[in-house]
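# A structural walkthrough
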Amino acid sequence: MRFEPRRNKTASPRTRRLRVAGGALCAVALAATLVTGCGQSSGDDTAAETSEAAKVLPNQTTSPSGSPSSTAKLTEDQTERKDLLSTVKVTFDSAATTAVGEVSGGKLTDLDLEGLDDEDDASGSPSPSGSSTSPSPEASASPSGSGSPSGSSTSPKWIAEVAEEDGTAHKVTIDAVSGDVIDSAPDADQSDADKKKLADQLSKATQTPQQAAKVATDKQPGWVTSTGLDENDSNVLVWQVDVVSKDWNKTTFDIDAAKGTITDEQVDND
């Protein structure tokens, strides 16, 4: 026996009923048919509209979620970065220039914003980077900036290491609100071996920390929070650069200190 489609089975009995009906019943049947017909048309229209809505709604629900939601639920680290950056007025580039100016013939080897991500690594700290990426973060951060006086003990600080040609390191502390130098002194704990190693690293680092910071912010716009000269796990000399983006996440880049290329990239979403 051949199985006929369900549509054909339901249509034929109804056709017979309409043919048998007569007289006054015809009018009633006609009215019922009209009402039923309207119901079917409405159902078809509703189905069509629902089908079209199904195509549109996914776009409507996904696009808002893609818009800035970083302020909705911030982690403890994200909140810490946001709060500290709101008080910083001195950019990474400005702090670097000030630090190098404190040591005759010196070169910057490390620069960190004190008090941010310090538990994660020594180079984690935030401040707007120079060039094209710094104006917009500074603009968003300034409204909530506290009016910390210049040189105040509560002001955020840039901590820099600047080395002479022979590798002698100097620690320079800069007020991150006023830009004033708070302290500048040679590293009393540095050994001769440390000096030799640092001088050797500087001779191989053809890329400046500012150039490395630009490579990092070209890849991830945001605040440069830290740079440091070091060797990676493969014994390649790199500038390690931390960038805090507008969603308050931190990305750490390893930039080859000789080639200026990114060798590693790690995002901290905490």
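The structure we're discussing is the one just above.
All values derive from a computational prediction rather than experimental measurement.

### Section: the overall build of the protein chain
Counting its secondary structure elements, the protein chain contains seven helices and eight strands. The long-range fraction of contacts in the protein chain, counting pairs at least 24 apart against all pairs at least 6 apart in sequence, stands at 60%. Accessible area of the protein chain: about 15,600 Å², with a carbon and sulfur share of 52%.

### Quick look at the packing of aromatic side chains
With the rule as written, the count across this model stands at two aromatic pairs. Judged by centre distance (6.3 Å) and plane angle (65 degrees), the ring pair of F92 and W158 falls under edge-to-face. Here W158 lies in strand β2 (residues 157-163) and F92 lies in helix α4 (residues 92-101), a separation of 66 residues in the sequence. When its relative accessible area of 0% is taken as the criterion, F92 is described as buried. Seen in terms of ring centroids, W223 and W248 are 4.9 Å apart; in terms of plane orientation they differ by 15 degrees. Their pairing is stacked. With a gap of 25 residues between them, W223 in strand β5 (residues 223-231) and W248 in the loop between β6 (237-244) and β7 (250-256) connect regions that are remote in the sequence.

### What to know about the pairing of β7
Burial analysis of β7 places seven of its seven residues in the buried class, which makes it a mostly covered element. Of the two faces of β7, the one carrying K250, T252, D254 and D256 and the one carrying T251, F253 and I255 are both buried. Here seven bridges tie β6 to β7, and the two strands are oriented antiparallel to one another. In the strand pairing of β7, V241 is matched with F253. A loop of five residues connects β6 with β7, the two strands running antiparallel in sequence, and W248 in this loop sits at a positive phi of about 70 degrees. For β7 and strand β8 (residues 262-268), the ladder comprises six bridges, and the chain directions are antiparallel.

### Remarks on α4
Of all the positions in α4, only F92, A95, A96 and A99 are classed as buried. All buried residues of α4 fall inside an arc of 100 degrees around its axis, so they share one side. Exposed side of α4, more than 90 degrees from the buried face: T97 and G101 are the residues found there.

### Structural notes on the sheet that holds strand β4 (residues 181-186)
Strand pairing in a sheet takes place through backbone hydrogen bonds and is either antiparallel or parallel in direction. In space, the eight strands of this open sheet follow the order β4-β3-β2-β1-β5-β6-β7-β8, with antiparallel pairing throughout. Both outer strands of the open sheet, β4 and β8, are each paired with one neighbouring strand and no more. Ignoring strand direction, the axes of neighbouring strands in this sheet form an average angle of 20 degrees. Note: β5 against β6, eight bridges, orientation antiparallel. Note that in β6 the partner of S226 across the bridge is D242. The strands touched by α4 are β1 (107-113), β2, β3 (169-175), β4 and β5; relative to β1, the strand with the most contacts, the crossing angle is about 130 degrees. The strands touched by helix α7 (residues 209-219) are β1, β5, β6, β7 and β8; relative to β6, the strand with the most contacts, the crossing angle is about 50 degrees.

### Brief notes about the pattern of salt bridges
Charged atoms that come close allow side chains of opposite charge to pair. Applying the stated criterion across every chain yields a total of four salt bridges. A salt bridge links R81 to D268; the shortest N-O distance between them is 3.2 Å. Of this pair, R81 sits in helix α3 (residues 76-85) while D268 sits in strand β8, and the two are 187 residues apart along the sequence. Residue D268 is classed as buried on the basis of its relative accessible area, which comes to 16%.

### Structural notes on the packing of α4 against α7
Two measures define how a pair of helices packs: the angle their axes make with one another and the distance between the axes. Interhelical geometry of α4 versus α7 gives an angle of 170 degrees and a closest axis separation of 11 Å. By the angle between their directions, the pair α4 and α7 is classed as roughly antiparallel. Contacts between α4 and α7 involve F92, D93 and A96 on the former and, on the latter, P209, Q210 and A213. Here the contact of α4 with α7 is built from residues that sort into four nonpolar, one polar and one charged.

### Points about the side chain of D242
Looking at the secondary structure, you find D242 in strand β6. Notably, D242 is buried but unbridged: the nearest opposite-charge side chain belongs to K250, and the N-O separation is 4.1 Å. Polar side-chain contacts of D242 include one of 2.7 Å to the side chain of T252.

Analysis parameters
- Residues numbered from 1 in each chain as written.
- Predicted model: local features only at pLDDT ≥ 70, side-chain atom pairs only at ≥ 80, totals over all residues.
- Heavy atoms only, no water.
- Helix = DSSP H or I, 4+ residues; strand = E, 2+ residues; numbered from the N terminus.
- Contact = heavy atoms within 4.5 Å.
- Areas by Shrake-Rupley, 256 points an atom, 1.4 Å probe, with all protein chains shown as cover.
- Phe/Tyr/Trp six-rings, centres within 6.5 Å; stacked < 30°, edge-to-face > 60°.
- Buried < 20%, exposed > 50% of the residue type's maximum accessible area, 1.4 Å probe, protein only.
- Pairing = 2+ DSSP bridges.
- Arc of directions from axis to C-beta.
- Axes fitted to C-alpha atoms, helices over the stretch in contact; angles between N-to-C directions.
- Salt bridge = Lys/Arg side-chain N within 4 Å of Asp/Glu carboxyl O.
- Parallel < 35°, antiparallel > 145°, perpendicular 65-115°, else oblique.
- Nonpolar A, V, L, I, M, F, W, Y, C, P; charged D, E, K, R; others polar.
- Lys, Arg positive; Asp, Glu negative; His and termini not counted.
- Polar contact = N/O pair within 3.5 Å; in protein donor to acceptor, adjacent residues only side chain to side chain.

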